[in-house]
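A structural walkthrough
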Amino acid sequence: MLAENKLRTFEDLIHQSTNEELIWMNGYLNGIVSAKPFDEKKVVIKNGVNKITIAYGTETGNSKKLATEFAAKAKKQGIHAKVQSMDQYRLNDLTKEEYFLAVISTHGDGEPPAAAKKFYDHVHNNGFKLDKLKYSVLALGDTSYPLFCKAGEDVDLQLNKLGGKRFFPIQKCDIDYETEASEWFDEICKSLNSNADAPVITEPRIATKKSSGKKIYNGKLLAHINLNDRGSNKKTFHIEIEAEDVTYQPGDSIGIIPENNKTIVEEIIAVTNVDAYTNIDYKNELVSLYDLLHKKLNIVYLPERIIKQYAAIIEKDFSIERMDLLHLLKKYPVKDENQFIEIVKILEPIAPRLYSIASSPEAHPGEIHITVAKNSFIVNDKIQHGLASEFLSHFDTNNKLQFYIHPNNRFRLPDTVSNVIMIGPGTGIAPFRSFIAERDATGASGKNWLFFGEQHFITDFLYQSEIQSWFETGTLTKVSAAFSRDQKEKIYVQHKMLQHGNEFFEWLQTGAYVYVCGTKDPMSIDVEQTILKIIEQFGERSKDEAEKYLDSLKEDGRYVTDVY
């Protein structure tokens, strides 16, 4: 069979030729064919699997990106791949599937992404059998967290319990997942192409945590500024850190492992009456008990799984609820130092906290800036503070700060000529400070519109002087700020969006990219509902048409969120 362009050329030649020329060409071609032996090796008879389903569960977009790339690879090898988000996947179809790939990330305390929760719960109901299913799981996670790739592990085990057969073992990937994920899918394709009955692996490959390959940077404090003015009921710190050869892109975050409060550590030592300088083997390294409790192990708000193990060690039966180690030791004391060391060995590492980078590699080379709100809350009538924000609020030149870059490939600036709308109330402003500084430093010609919100204009306008300067110099085309407590009725960013709805929709129509950063609930939900209202009202569309319009923005990467 000739390719279409060759076929057209051939037909043109035939139409333009005389009978004598056609007879000559026929003989000429016959001579060539008879002189050249037929190469049977070049005939490819595909005897493999030709259809698979790839379902992804994503929070930041990495699982979706991989699933889409896998489908494109599969197509080139003659395998048709149906790709669907787990929140859109028809759950009843699972019993009909033959070859199924799950690509799922892990978030929070070993939990699946919100978009995968429905699928995750469905496979854990155990109300059906998957006798036809052959499957494999790609699990994304971060080895810095105790429950690395737990959501993916759970799905893998549950599909197996329901009767599914692993035709390829689970692959667990750290944040630098690209190479391993690609190799996993290449092997999957080889397996699928080998024959119609791809080999079945009955036991999962043992996938242990390995060195993550993350580059750890050593940070040195350059600046530590409270961005809130006197009279504010908030404390938001702008922290500048110097780090040699640091590499990142606007939209990325840094992972920081905070240290526990020394006062609490000393109180734990006093309550248990142990030798603070007793060395314990921790990850093949001898570390003093004091340093373990201060810098390595989580001692606050212990998860229920740790509380259960604690109860088993001290051989006491009590109600299981999350609490701090100090509270637990006071309420249910250990009998001696040996028993306390047993407790220490079940404690999990301090999980890193992620902070959006607020600096630009072009405008602030060799530096990382972050924006940290001090998290305060009341427990038993006593003010408590978040571990990481408390640690960073007191960060000074005497502290050593180690961190790593957590890439966010989905939250990226578009080309320099595209227009950008940024919606970032509170500390959600952080990545947009990076975006604006980067566009300013690189001379991007696209327009930039910033929506910012806080409580009070006088005390809480974060980065006010910089924002005003960018507006005056034309880097920021438009600034719409909402200060919720400066008037009787609370005004938030979504009210400002609706107020400028006509212009907002015009920006969308001319190709603007929309970015949202800040709290997930209720801010990001309210913002998305407002965008739908704007499309419906100012775009003169029905509710269904507005939803389809927004879905197309998401599909095209023109509506992106980074929420927490």
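Coordinates for the structure precede this section.
Note that the coordinates shown come from a computational prediction; the quantities given were computed from them, not determined experimentally.

Definitions and limits used
- Residues numbered from 1 in each chain as written.
- Predicted model: local features only at pLDDT ≥ 70, side-chain atom pairs only at ≥ 80, totals over all residues.
- Heavy atoms only, no water.
- Pairing = 2+ DSSP bridges.
- Helix = DSSP H or I, 4+ residues; strand = E, 2+ residues; numbered from the N terminus.
- Axes fitted to C-alpha atoms, helices over the stretch in contact; angles between N-to-C directions.
- Buried < 20%, exposed > 50% of the residue type's maximum accessible area, 1.4 Å probe, protein only.
- Right-handed = clockwise from strand over helix to strand, strands pointing away.
- Phe/Tyr/Trp six-rings, centres within 6.5 Å; stacked < 30°, edge-to-face > 60°.
- Lys NZ or Arg CZ within 6 Å of the ring centre and 35° of its normal.
- Contact = heavy atoms within 4.5 Å.
- Salt bridge = Lys/Arg side-chain N within 4 Å of Asp/Glu carboxyl O.
- Core = buried A, V, L, I, M, F, W, Y, C linked by side-chain atoms within 4.5 Å.
- Left-handed = near helix turned anticlockwise from the far one by under 90°.
- Nonpolar A, V, L, I, M, F, W, Y, C, P; charged D, E, K, R; others polar.

What follows deals with the sheet that holds strand 17 (residues 420-423). Here 5 strands make up an open sheet; going across it, the order is 19-18-17-20-21 and the pairing parallel. The open sheet has two edge strands with one neighbour each: strand 19 (478-483) and strand 21 (559-563). The sheet shows a mean angle of 10° between the axes of neighbouring strands, taken without regard to direction.

The subject of this paragraph is the pairing of strand 4 (residues 134-140). Most of strand 4 sits inside the fold, with 7 of its 7 residues counted as buried. The alternating pattern of strand 4 places Lys134, Ser136, Leu138 and Leu140 on one face and Tyr135, Val137 and Ala139 on the opposite face, and all of these are buried. In this sheet, strand 4 lies alongside strand 3 (residues 99-105) in parallel orientation, the contact comprising 7 bridges. Bridge pairing links Phe100 to Tyr135 in strand 4. Since strand 3 and strand 4 lie parallel, the crossover through helix 4 (residues 117-123) that links them has a hand, and here it is right-handed. Pairing geometry for strand 4 and strand 5 (residues 165-166), over 2 bridges, is parallel. When the bridges of strand 5 are listed, Lys134 appears paired with Lys165.

On to the sheet that holds strand 7 (residues 217-226). Taking strand neighbours across the sheet as the criterion, the 6 strands line up as 12-9-16-7-8-13 in an open arrangement whose pairing is antiparallel. Edge positions in the sheet fall to strand 12 (353-356) and strand 13 (367-373), since each of these pairs with one other strand and no more. The mean angle between the axes of side-by-side strands here comes to 40°, regardless of whether they run parallel or antiparallel. Pairing of strand 9 (residues 253-256) with strand 16 (residues 401-406) involves 4 bridges; the strand directions are antiparallel.

In this section: the packing of aromatic side chains. The description of an aromatic ring pair rests on the distance of the ring centres and on the angle between the ring planes. Taken as a whole and judged by the stated rule, the model has 24 aromatic pairs. Relative to Phe185, the ring of Phe70 has its centre 4.4 Å away and its plane inclined at 10°; by these criteria the two rings are stacked. Of this pair, Phe70 sits in helix 3 (residues 62-76) while Phe185 sits in helix 6 (residues 178-194); the two residues are 115 residues apart in sequence, bridging distant segments of the chain. Assessed through its relative accessible area of 0%, Phe185 is described here as buried. Summarising the aromatic geometry, the rings of Phe451 and Phe504 are spaced 6.0 Å apart at their centres and angled 55° between planes, so their arrangement reads as tilted. One end of the pair, Phe451, is in strand 18 (residues 448-454); the other, Phe504, is in helix 17 (residues 501-509), and 53 residues separate them in sequence. Here a set of aromatic residues connected by ring pairs shows up, and it is made of Phe411, Phe432, Phe435 and Tyr515. Above the plane of the ring of Tyr301 lies Arg322, whose end atom (NZ or CZ) is 4.1 Å from the centre. Here the guanidinium or amino end of Lys478 rests over the ring plane of Trp449, the centre of that ring lying 5.4 Å away.

Another point: the environment of Ala351. Following the sequence through the fold, Ala351 ends up in the loop between helix 11 (337-346) and strand 12. Residues Ala351 and Thr143, 208 residues apart in the sequence, show an inter-C-alpha distance of 9.7 Å. Setting aside its immediate chain neighbours within four residues, Ala351 contacts Ser144, Tyr145, Pro146 and Pro258.

Turning our attention to the pattern of salt bridges. Within the structure shown, the criterion is met by 22 salt bridges. We note a salt bridge from Asp174 to Lys214, for which the minimum N-O separation is 3.2 Å. Highlighted residues: Asp174 in the loop between strand 6 (171-173) and helix 6 and Lys214 in the loop between helix 6 and strand 7, separated in sequence by 40 residues. A single burial state applies to Asp174 and to Lys214, both of which are buried.

With that settled, consider the nonpolar core. Ranked by internal contacts, the top residues of the largest apolar core, which has 35 residues, are Leu293, Tyr310, Leu325 and Phe340. Considering each element in turn, this core owes the most residues, 6 residues, to helix 9 (residues 304-314). In this structure Leu325 touches Ile268, Leu293, Ile299, Leu302, Tyr310, Ile343 and Leu347, once residues within four positions along its chain are discounted. Phe70, Ile79, Ala181 and Cys189 belong to the second-largest nonpolar core, a separate cluster that totals 26 residues.

Below, the discussion takes up unusual backbone geometry. In this chain, Asp521 is followed by Pro522 through a cis amide linkage whose omega measures 10°. Within the secondary structure, Pro522 is located in helix 18 (residues 520-538). With phi around 60°, Tyr463 is a residue other than glycine that occupies positive phi space. Tracing the backbone through its elements, the reader meets Tyr463 in the loop between helix 14 (457-460) and helix 15 (464-472).

Attention shifts here to the packing of helix 3 against helix 6. Interhelical geometry of helix 3 versus helix 6 gives an angle of 35° and a closest axis separation of 11 Å. Considering how the two elements wind past one another, helix 3 and helix 6 form a crossing that is right-handed. For the pair formed by helix 3 and helix 6, the contact residues are Leu66, Phe70, Lys73 and Ala74 on the first element and Ala181, Ser182, Trp184, Phe185 and Asp186 on the second. Per-class residue counts for the contact of helix 3 with helix 6 are 6 nonpolar, 1 polar and 2 charged.

Summarising the element assignment, Ser356 is placed in strand 12. By relative accessible area, Ser356 is classed as buried at 14%. When sequence neighbours within four positions are dropped, the list of residues in contact with Ser356 reads Asp252, Ser253, His369, Ile370, Ala430, Pro431, Cys517 and Asp562.

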